[in-house]
Amino acid sequence: MTLYYGIKQILRSPLKSILFLLLAGVSAFLLVLGSSLWEINRTMLEEFEDLFMTVGTVEQKIDHVETYKIWDAGNGYEYGQRGIRGERIPSAVMDFEGAGYILEAKQRPNFGALVDQKAAAVSHMFMIVEATPIESGTADESFPMRAEKVLAGDEFELKAGDIFYICDHSMEEARSFEAGTTYIMMLNYVGMVVHGSRVEHIAPEDHVPEFIPISSVASHQYTMEGERVYDAVAEAEEEHDIDIVTEGFYETERGKRWLEMAKTRDYLFYTVPVTPTDKTELLMPFYWKDAQISKGRDITEEEYAEGKPVCLISSSLAVLLRKEAGDKLTLPLYCADYSPTQEKGMWVASILNAEGKAYSIFHEQEYEIVGIYTAASATRNGYELCINQVIIPWNAVPENSWADHIAGIWYMTGGNTSFEIPNGTIEDFMAAWEKQGVEELELRFYDNGYTNLQTGLESRKLMAVIFLASGCILALMILCFFANTFITGQRQRIAVERLLGRTKGQCAFSLLTGFFLLAALGTAAGCGAGRMAADRAVEATEQTMEFDEAFSSAVIAQADTEEIEISGAGQKADAGTAVGAGIGLLLTAVLIGSGFMGQALRKEPLQILGELEE
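Our subject in this report is the structure included herewith. These numbers were taken from a predicted model, which means no experiment stands behind them.

## Let's talk about helix 8 (residues 426–434)
Residues Ile426, Phe429, Met430, Ala432 and Trp433 constitute the buried set of helix 8. In an axial view of helix 8, the angular spread of the buried residues amounts to 160°, which keeps them on one side of the axis. Opposite its buried face, helix 8 presents the exposed residues Glu427, Asp428 and Glu434, each directed more than 90 degrees away.

Written out as structure tokens, the structure reads:
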């Protein structure tokens, strides 16, 4: 009967009841839509935090461009232009307040590690020979020499008694040689064939090689600060000195260095570059997916942090060393070079330190090969990896243990200096960086479009807040207004029912049934509509965005044009959110209705009737 009277009460004022039903539904609709969008937004941001990563690179800018000339023995001067950087800026300037790094900026060296297979696949020979000229003359064209002794080099390349040809091909003033004098030199073959009047008897199709003599036994050792370590031999010699072998020569300082170079000549052929890093994706080929793990797995975050003896190796090095994921690889590290690696090997200006000795091993341990990666072959752009590159955790090598083994120095570039910051903090980072006043460095950020995505999500978040706030305010106003209308307007009925013997509880239940029924129906309809609207809103924002910022002047850059899927697929309005919003609205209706009902029931029936008569 109570339900009957509640429905009868609704039918007595149909317009008021319909209006309450509609407005309750609208408020529920706004509440569910706002809360659903908020939850979907929050979930998507959490997922995108795992999918996206913001990496920055540091590049020292070109200070000016200069024209240079190179002498070519066959063609004369050849001219070109090159960019010149200013004084080298150390990576310590990237340690500043407000940076907010996840992984701080460091300039990575390449460590030279000796392996048991010839790993430098280049045409350079670097033979060390004692040789005498066939005749006196100037090496301004191919000049014949006889090898008297091969101190370093394979027999199939050159052996004692062979005739070979040298040329100061790139020297405007070629050196002169005297017949009967023995010279020691390092020979380098760079792909040229003999030319000139002394080789007219050689047919061009024979492709007889021409060698360039390299003579320096000076070291190119540097400090951690990038300063060259003083070397008395380097200070005293001319750049293109050729040494003459006389009695007792190998007891001199220069003679001892020639013997040391000959003894360690094969080092570079058996050297692979080992790159320490704090995260695989800090190496841009991995970030861009140009390099990917093909066997095994990546190094984990914990292994990087703890400096575990694990490594990644290239697929070509795995074939060369006959290694698989899970195998062990011992890496004796003997030198460090901050300059870029060559595509097919690691080559340093000199393998001798400032004391004239070959660099000794500064750290050696056994690593587990946890993964093998394959890198796509591409045009060299300063970011590519060597074909035989090894990647290890930075913390796996004692800090600065290579300080006395630095064989090459270079500027910070995108290929050797990178860092990670939290997604969406590029503007904050740049604001803090600009306070440092360092104009010689260019910072580039790569976030795969997260900044663009964040803008859209922030807009949707604002929209969700507006819907949610509007729903809450509207719900409170509607419930208060109609509770007052339904309950206060029924004071005569309350007094009559009380005088007829009904308890306060029975009266309250009788009057509130209709109010709660309308609130429940409106809430249910509004919640369902709100959930469907939220699903439609997510579907409407699903899109594929294309970012091409390769030539952008902004701080956010992309290396290549690529499509990035920014989709809400799988992000549907949670039924629990709709149910929770509906229950919350109904509980609010109960509290407000009960409050108004309580006020009405505090007065005695006769008092209520007296007020009505007045």
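## Re the nonpolar core
Residues Val274, Ile313, Leu331, Val390 and Trp402 are the most contacted members of the largest nonpolar core, which totals 29 residues. When residues of this core are traced back to their parent elements, those giving at least two are strand 5 (110–114), strand 14 (271–277), strand 16 (310–314), helix 7 (315–321), strand 17 (328–337), strand 18 (363–375) and strand 19 (390–393). Here this core gets four residues from one element, more than from any other, and that element is strand 17. Non-local contacts of Ile313, meaning those with residues more than four positions away in its chain, are made with Ala318, Lys323, Leu329, Ile369, Gly371, Ile372, Tyr373, Gln389 and Val390. By size, the runner-up hydrophobic cluster in this structure holds 24 residues, among which are Phe126, Ala152, Ile184 and Val233.

## Some thoughts on the sheet that holds strand 1 (residues 54–60)
As a general point, the strands of a sheet are linked pairwise by backbone hydrogen bonds and lie either parallel or antiparallel. Overall, antiparallel pairing links the four strands, which are arranged 4-21-1-22 in an open sheet. Where the open sheet ends on each side, the last strands, each with one partner, are strand 4 (103–107) and strand 22 (441–446). Taken pair by pair, the neighbouring strands of this sheet meet at an average axis angle of 20°, ignoring direction. As paired elements, strand 1 and strand 21 (residues 417–421) share four bridges and run antiparallel to each other. Considered in strand 21, the bridge of Thr54 is made with Ile421. Sheet strands in contact with helix 8 are strand 1, strand 21 and strand 22, and its direction is about 170° off that of strand 22.

## Observations concerning the packing of aromatic side chains
By the definition in use, this model includes 23 aromatic pairs. Members of the aromatic cluster, each reached through a chain of ring pairs, are Phe96, Tyr101, Phe419, Phe429, Trp433 and Phe445. The ring of Trp394 has Lys106 lying over it, and the distance from NZ or CZ to the ring centre is 4.6 Å. In this structure, Lys118 packs its charged tip against the face of Phe269, placed 4.7 Å from the ring centre.

## What about the pattern of salt bridges?
For the coordinates displayed, the defined rule picks out 16 salt bridges. Between Asp162 and Lys159 there is a salt bridge; the shortest N-O distance is 3.8 Å. One salt bridge connects Lys308 with Glu306, and the closest N-O pair in it is separated by 3.4 Å. Connected via shared salt-bridge partners are Glu135, Glu141 and Arg198.

## Focus: the environment of Ala520
Position of Ala520 relative to the elements: it lies in helix 11 (residues 504–541). The exposure class of Ala520 is partly exposed, given its relative accessible area of 30%. Residues Ala520 and Ala589, spaced 69 residues apart in sequence, show a C-alpha to C-alpha distance of 9.1 Å.

## Considerations on the pairing of strand 3 (residues 76–84)
In the sheet, strand 2 (residues 64–72) pairs with strand 3 via nine bridges, with the strands oriented antiparallel. When the bridges of strand 3 are listed, Val65 appears paired with Gly83. In this structure, the hairpin formed by strand 2 and strand 3 is closed by a connection of three residues.

## Observations regarding helix 4 (residues 253–263)
When helix 4 is considered as a whole, its buried residues turn out to be Arg254, Gly255, Arg257, Trp258, Glu260, Met261 and Ala262. Elements in contact with the buried residues of helix 4: strand 6 (127–133), strand 8 (143–152), strand 11 (183–193), strand 12 (209–214), helix 3 (232–236) and strand 13 (243–244).

## Side note on unusual backbone geometry
Its identity as a non-glycine residue notwithstanding, Arg322 has a phi of 55°, on the positive side. Positionally, Arg322 belongs in the loop between helix 7 and strand 17. Using a relative accessible area of 67% as the deciding quantity, one classes Arg322 as exposed. The phi dihedral of Asn400 is positive, around 60°, even though this residue is not glycine. Relative to the helices and strands, Asn400 resides in the loop between strand 19 and strand 20 (406–408).

## Examining the side chain of Glu141
Mapped onto the fold, Glu141 is located in the loop between strand 7 (137–138) and strand 8. For Glu141, a relative accessible area of 17% puts it in the buried group. Within the structure, Glu141 has its side chain in polar contact with the side chain of Ser197 (distance 2.6 Å). Contact partners of Glu141, with chain neighbours within four places excluded, come to Ile166, Cys167, His195, Gly196, Ser197 and Arg198.

## Observations regarding the environment of Ala139
Along the chain, the position of Ala139 falls in the loop between strand 7 and strand 8. Beyond its immediate chain neighbours, meaning those up to four positions away, Ala139 contacts Ile166, Cys167, Asp168, Ala174, Arg175 and Phe177.

What counts and what doesn't
- Residues numbered from 1 in each chain as written.
- Predicted model: local features only at pLDDT ≥ 70, side-chain atom pairs only at ≥ 80, totals over all residues.
- Heavy atoms only, no water.
- Buried < 20%, exposed > 50% of the residue type's maximum accessible area, 1.4 Å probe, protein only.
- Helix = DSSP H or I, 4+ residues; strand = E, 2+ residues; numbered from the N terminus.
- Arc of directions from axis to C-beta.
- Core = buried A, V, L, I, M, F, W, Y, C linked by side-chain atoms within 4.5 Å.
- Contact = heavy atoms within 4.5 Å.
- Pairing = 2+ DSSP bridges.
- Axes fitted to C-alpha atoms, helices over the stretch in contact; angles between N-to-C directions.
- Phe/Tyr/Trp six-rings, centres within 6.5 Å; stacked < 30°, edge-to-face > 60°.
- Lys NZ or Arg CZ within 6 Å of the ring centre and 35° of its normal.
- Salt bridge = Lys/Arg side-chain N within 4 Å of Asp/Glu carboxyl O.
- Polar contact = N/O pair within 3.5 Å; in protein donor to acceptor, adjacent residues only side chain to side chain.

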